[in-house]
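Chain by chain, the residues:
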Amino acid sequence: MENATVKKRILSGIQPSGRLHLGNYLGPLRHWPEMIEEFDCYFFMADLHTITVRQNPADLRRQTLTLLAQYIACGLDPEKCVLFIQSHVPAHSQLSWVLNCYTMFGELSRMTQFKDKSAKNADNINAGLFTYPVLMASDILIYQADMVPVGEDQRQHVEICRDIANRFNGIYGDVFKVPEPYIAKVGARIKSLSAPASKMSKSQPDGCVFLLEKPEDIMRKFKRSVTDSDTERCVRYDPEEKPGVSNLIQIYASATGKTFDEIEAEFDGKGYGVFKPAVGEAVVETLRPIREETERLLADKAYLEGVYRAGAEKAAYVANRTLSKVYKKVGFLAR
Ligand code: TYM
């Protein structure tokens, strides 16, 4: 406990809205296991966020448990960090209501993810989709997190979280720690393999590699990946002129730890026909132990239940302290 007060605190979450993909892994998740050695870390399954888009209830339950197993399989040792399910800690939703009253309609209207998601779900532009960033701000602020490791697409949400925290602190004094986004240099915006202009996402399954996918399917996706139609056909990092190849270089760099220069030298004069399967193989080898460990963990439901129950208890302890402080500040009578 003493250490926990000195160590910086890290918090992040992923929606259990489908299958975890290579963008989720190479962007943020890959960096989390090294953080648990040094920081006081909280990682969760963002199931409350997931229902902003309609879900099948049985699938959501299964996906939430699978995501927990994947967190552990990726190296998040539950003895060294807090792993929990967002809906198990009611204080997130409670703080979210309060912060809704300190967030402006105009600022939420400017969120690019809201604009994108409402375009994609035109028949279900619900209020939750609109106030989603306020819940995300609550997730972060309720733990007094110092740093939030996410991919590039979440930067705007961490920024609005900072704005909300500063606004609240400006009225009531230093209630919330104002968090910093932590966005890795390599891998923060993995692109689709079939359409490298857009980010890799499960809504475009052709260009998306899932963590639990079979090696032969992964290889097929890499072999078919869209490269660039320039005449040069050499492996060179140039995101403007060669977005497809540059995306593959990023993926290869993240999977192998090699620098862009080393990769260019390795494939000098070899062309895309050699490069694409090499990237596929590096990804298959990176994902193989994660897939095997996830399958093993999923067979042990009692263990997973123990992890999320203990996690919720630890998380709720910290979250409730912030919530009490907030309730007092805004003037709610203590029970
Ligand atoms: P979500 O579930 O969409 O994505 C999980 C994480 O994966 C990152 N990511 C990517 N990184 C690189 N390349 C890609 N193609 C790619 N696609 C996704 C995301 O940036 C994210 O870090 N709102 C969040 C979940 C959340 C959260 C939070 C995160 C809820 N509350 C509090 C941090 C703190 C989301 O929908 O992420």
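Residues numbered from 1 in each chain as written. Predicted model: local features only at pLDDT ≥ 70, side-chain atom pairs only at ≥ 80, totals over all residues. Heavy atoms only, no water.

*Asks:* It is not clear to me how the site of the ligand should be interpreted in this structure. Could you clarify?
*Replies:* Near the ligand, the surroundings consist of 28 residues, among which Q15, Y132, D139, D153 and I190 are the closest. At a separation of 2.6 Å, a nitrogen atom of the ligand approaches a polar side-chain atom of D139. For the ligand, whose accessible area on its own is 710 Å², the fraction buried by protein is 96%. Taken together, the residues that form the shell around the ligand break down as 13 nonpolar, eleven polar and four charged. (Near = heavy atom within 4 Å. Polar contact = N/O pair within 3.5 Å; in protein donor to acceptor, adjacent residues only side chain to side chain. Areas by Shrake-Rupley, 256 points an atom, 1.4 Å probe, with all protein chains shown as cover. Nonpolar A, V, L, I, M, F, W, Y, C, P; charged D, E, K, R; others polar.)

*Asks:* Sorry, what's going on with the pattern of salt bridges here?
*Replies:* Opposite charge on two side chains permits them to pair, given that their charged atoms come into close proximity. Here the structure, examined in full by the defined rule, presents 15 salt bridges. The shortest N-O distance in the salt bridge between D40 and R9 comes to 2.9 Å. With a gap of 31 residues between them, D40 in strand β2 (residues 40–45) and R9 in strand β1 (residues 9–14) connect regions that are remote in the sequence. With respect to class, D40 is no different from R9; both count as buried. (Salt bridge = Lys/Arg side-chain N within 4 Å of Asp/Glu carboxyl O. Helix = DSSP H or I, 4+ residues; strand = E, 2+ residues; numbered from the N terminus. Buried < 20%, exposed > 50% of the residue type's maximum accessible area, 1.4 Å probe, protein only.)

*Asks:* Where do I start with a positive patch on the surface in this structure?
*Replies:* A contiguous patch of positive charge on the surface is contributed by R321, K325, K328 and K329. Secondary-structure assignment places R321 in helix α15 (residues 301–330). The class for R321 is exposed, based on a relative accessible area of 55%. (Patch = residues over 30% accessible without salt bridge, like charges linked within 9 Å, V, L, I, M, F, W, Y side chains within 5 Å. Lys, Arg positive; Asp, Glu negative; His and termini not counted. Charge placed at Lys NZ, Arg CZ, Asp CG, Glu CD.)

*Asks:* Is there a simple way to explain the environment of Q15 in this structure?
*Replies:* With respect to the element layout, Q15 can be found in the loop between β1 and α2 (22–26). Through-space distance from the C-alpha of Q15 to that of Q250 is 24 Å; in sequence the pair is 235 residues apart. Here Q15 is in contact with A46, H49, T50, L67, K117 and Y132, once residues within four sequence places are set aside. Among the polar contacts listed, one links the side chain of Q15 to the side chain of Y132, at a separation of 2.8 Å. (Contact = heavy atoms within 4.5 Å.)

*Asks:* Just to check I follow, could you spell out the packing of aromatic side chains for this structure?
*Replies:* Aromatic rings considered in pairs are described by the distance between their centres and by the relative angle of their planes. For the structure on display, the rule yields 16 aromatic pairs. Arranged with centres 4.4 Å apart and planes meeting at 10°, the rings of W32 and F43 form a pair that is stacked. One end of the pair, W32, is in helix α3 (residues 32–38); the other, F43, is in strand β2, with eleven residues separating them in the sequence. Assigned by exposure class, W32 and F43 land together as buried. Relative to F176, the ring of F168 lies with its centre 5.2 Å away and its plane at 50°, an arrangement referred to as tilted. By the burial criterion, F168 is buried, and F176 matches it. By the ring-pair criterion, three or more aromatic residues cluster together here, those being Y42, F44, F84 and Y143. Here the guanidinium or amino end of R19 rests over the ring plane of F210, the centre of that ring lying 3.7 Å away. (Phe/Tyr/Trp six-rings, centres within 6.5 Å; stacked < 30°, edge-to-face > 60°. Lys NZ or Arg CZ within 6 Å of the ring centre and 35° of its normal.)

*Asks:* Mind showing me how you'd approach the nonpolar core here?
*Replies:* Side chains of a nonpolar character, in soluble globular proteins, are inclined to be buried together. Of all hydrophobic cores here, the largest spans 59 residues; its most connected members are F43, Y71 and F222. Excluding its chain neighbours within four sequence positions, the residues that come into contact with F222 are L22, L193, V209, L248, I251, K276, V279, G280 and V283. The next biggest cluster of nonpolar side chains, apart from the first, holds 44 residues, and it includes A91, I142, V148 and V318. (Core = buried A, V, L, I, M, F, W, Y, C linked by side-chain atoms within 4.5 Å.)

*Asks:* Help me understand unusual backbone geometry in this model?
*Replies:* Glycine aside, residues mostly have negative phi angles, and peptide bonds mostly take the trans form. The phi dihedral of Q144 falls on the positive side, at around 55°, and the residue is not glycine. Among the secondary structure elements, Q144 is positioned in the loop between α9 (127–141) and β4 (147–149). Take Q144: its relative accessible area is 19%, and that puts it in the buried class.

*Asks:* Before we go on, may I ask you to explain the packing of helix α5 (residues 57–73) against helix α14 (residues 272–298) in this structure?
*Replies:* Each pair of packed helices gets described by two things: the angle between the helix axes and the distance between those axes. Packing of α5 against α14 brings their axes to within 8 Å, and their N-to-C directions diverge by 130°. The angle between α5 and α14 falls in the class oblique. As for how α5 packs across α14, the hand of that crossing is right-handed. Packed against α5, whose contacting residues are L65, T66, A69, Q70, I72 and A73, the element α14 presents I290, E293, T294, L297 and L298 at the interface. Grouping the constituent residues of the contact of α5 with α14 by class yields seven nonpolar, three polar and one charged. (Axes fitted to C-alpha atoms, helices over the stretch in contact; angles between N-to-C directions. Parallel < 35°, antiparallel > 145°, perpendicular 65-115°, else oblique. Left-handed = near helix turned anticlockwise from the far one by under 90°.)

*Asks:* Explanation requested: α5 in the structure shown.
*Replies:* Since the α-helix packs 3.6 residues into each turn, any two residues three or four apart lie on the same face. With 17 residues, α5 should reach 24 Å at 1.5 Å per residue; the first-to-last C-alpha distance of 24 Å fits that figure. When we look at burial in α5, the residues that qualify are L60, Q63, T64, L65, T66, L67, L68, A69, Q70, Y71, I72 and A73. Capping the start of α5 is the job of one residue whose side-chain oxygen sits 3.0 Å from the backbone nitrogen of A58: N56. Two residues or fewer past α5, G75 is found with a positive phi of approximately 120°. (Expected span 1.5 Å × (residues − 1).)

*Asks:* Even after reading the chapter, I still don't get the pairing of β1, so can you show me in this structure?
*Replies:* As a general feature of sheets, a regular strand has side chains that alternate between the two faces. Within β1, five of the six residues are buried, which leaves the element mostly enclosed by the surrounding structure. By the bridge criterion, six bridges tie β1 to β2 in an arrangement that is parallel. In the strand pairing of β2, G13 is matched with F44. (Pairing = 2+ DSSP bridges.)

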